[in-house]
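# Commentary on secondary and tertiary structure
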Amino acid sequence: MSTIAPILLDEEVCFERDLHAYYDTGGTRRMSVTQALKIEGLIDYSMVPPPLLIAASRRGLLVHQATAIIDRGDSLEEYDVQEFEGYVDAYHLFAKEMKYLADPDWVERKMIVELFGQRVGMAPDSVGLIDGIPSVIERKTCSSVYAAWKLQTAGYASGLLAAGLQIRQRFALQLFATGRYKLHPHEDRGDFDAFGDC
């Protein structure tokens, strides 16, 4: 009888975007970091009118795709980014001002890892160095700040540690259409326990 590896990466993980679902090599669906936070009621968009939620989801998806292309060192020249150009400009400004150097191998890398006795799916937005310090960045395009972000980055940092990466800083990076950004450091070690309780 074969056992499932403790860490599944890339082609070993099937990700279904519409359902935000992770499946392991055996076809078993695994809970994601985001789903755990939703189940706990820490992420809840039920009060947002559906047309606004659809527009925000589309914007987030397109900005995430563009910034992932940037993080991988590729050019956006062949893409039409005019609709969300301010968000892309904000990301460029962040990378320049914070001296952020993304690790192309860990940009939105799908994985399933063992956390707190459970197999959990995740794809941290970006992993890299800020002033030489290993960091995980979770990009956000909404105007509000949510407490769940710090637990999300704690979950990702835990998963990255299980995959062999030592993350020393966690951030939510809020990007705005104005071309500006706000970096939210998550420094409370209690976030890891709080995420483990989800």
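Numbering of residues starts from 1 in every chain and runs along the sequence as written. Two thresholds apply to this predicted model, a pLDDT of at least 70 for residue-level local features and 80 or more for giving and counting side-chain atom pairs, whereas whole-chain, interface and lining totals are computed over all residues. Side-chain numbers here rest on the full set of heavy atoms in the structure, without hydrogens or water.

## With respect to the overall build of the protein
We count a stretch as a helix when DSSP gives it H or I for four or more residues in a row; a strand needs E for two or more, and each element gets its number in order from the N terminus. For the protein, the count of helices and strands is 5 helices and 11 strands. Along the longest, intermediate and shortest principal axes, the C-alpha atoms of the protein span 55 × 40 × 35 Å. Contacts: residue pairs with any heavy atoms within 4.5 Å of one another. Relative to all contacts within the protein whose residues are 6 or more apart in sequence, the contacts with residues 24 or more apart total 63%. Carbon and sulfur atoms make up 52% of the accessible area of the protein, which amounts to about 10900 Å² in all. A gap of 3 Å separates the mean positions of the 20 positive and 29 negative side-chain charges of the protein. We get accessible surface area from the Shrake-Rupley algorithm with a probe of 1.4 Å; when it comes to residues, only the shown protein chains can shield them. For the purpose of charge, His is not counted, nor are the chain termini; Lys and Arg are scored as positive and Asp and Glu as negative. Where a charge lies is defined by one atom per residue type: Lys uses NZ, Arg uses CZ, Asp uses CG and Glu uses CD.

## Quick look at helix α2 (residues 50-71)
Helices are assigned an expected span. That span is 1.5 Å times one less than the residue count. When the terminal C-alpha atoms of α2 are compared, their 31 Å separation across 22 residues agrees well with the 32 Å that a helix rising 1.5 Å per residue should span. Accessible area is worked out with a 1.4 Å probe on protein chains only. A residue is then buried under 20% of its type maximum, exposed over 50%, and partly exposed in between. Those residues of α2 that sit buried are G60, V63, H64, A66, T67, A68, I69, I70 and D71. A positive backbone phi angle near 85° is found at G73, which sits one or two residues after α2.

## What about unusual backbone geometry?
Residues other than glycine seldom take positive phi values, yet E108 does so here, at roughly 45°. On the secondary structure map, E108 appears in the loop between β5 (100-102) and β6 (111-115). E108 sits in the buried class, given a relative accessible area of 16%. In this structure, F116 takes a positive phi of about 55° despite not being glycine. Mapping F116 onto the fold places it in the loop between β6 and β7 (118-122).

## A look at helix α4 (residues 148-162)
The end-to-end C-alpha separation of α4 is 21 Å, in line with the 21 Å expected for 15 residues at 1.5 Å each. Burial analysis of α4 places 12 of its 15 residues in the buried class, the great majority of the element. Residues of α4 that are buried include every one of A148, W149, L151, Q152, T153, A154, G155, Y156, A157, S158, G159 and L160, and no others. Directly beyond the C-terminal end of α4, a positive phi value near 100° is found at G164.

## Focus: the layout of surface pockets
Site definitions follow a grid-based scheme: protein atoms alone, a 1 Å grid, a 1.4 Å probe that fits but cannot get out for cavities, and for pockets an open set with protein on both sides within 12 Å along at least five of seven lines, plus lining residues having an atom within 4 Å of a point. Grid points are joined across faces, edges and corners, and a volume is the space filled by probe spheres set on the points. Within this model, the second largest pocket holds a volume of roughly 210 Å³. As for the second largest pocket, its lining consists of 13 residues, and the residues nearest its centre are M31, A36, Q118, V120 and C198. Looking at the lining of the second largest pocket, the elements with two or more residues in it are β4 (29-32), β7 and α5 (190-196). With 4 residues, β4 is the largest single contributor of residues to the lining of the second largest pocket.

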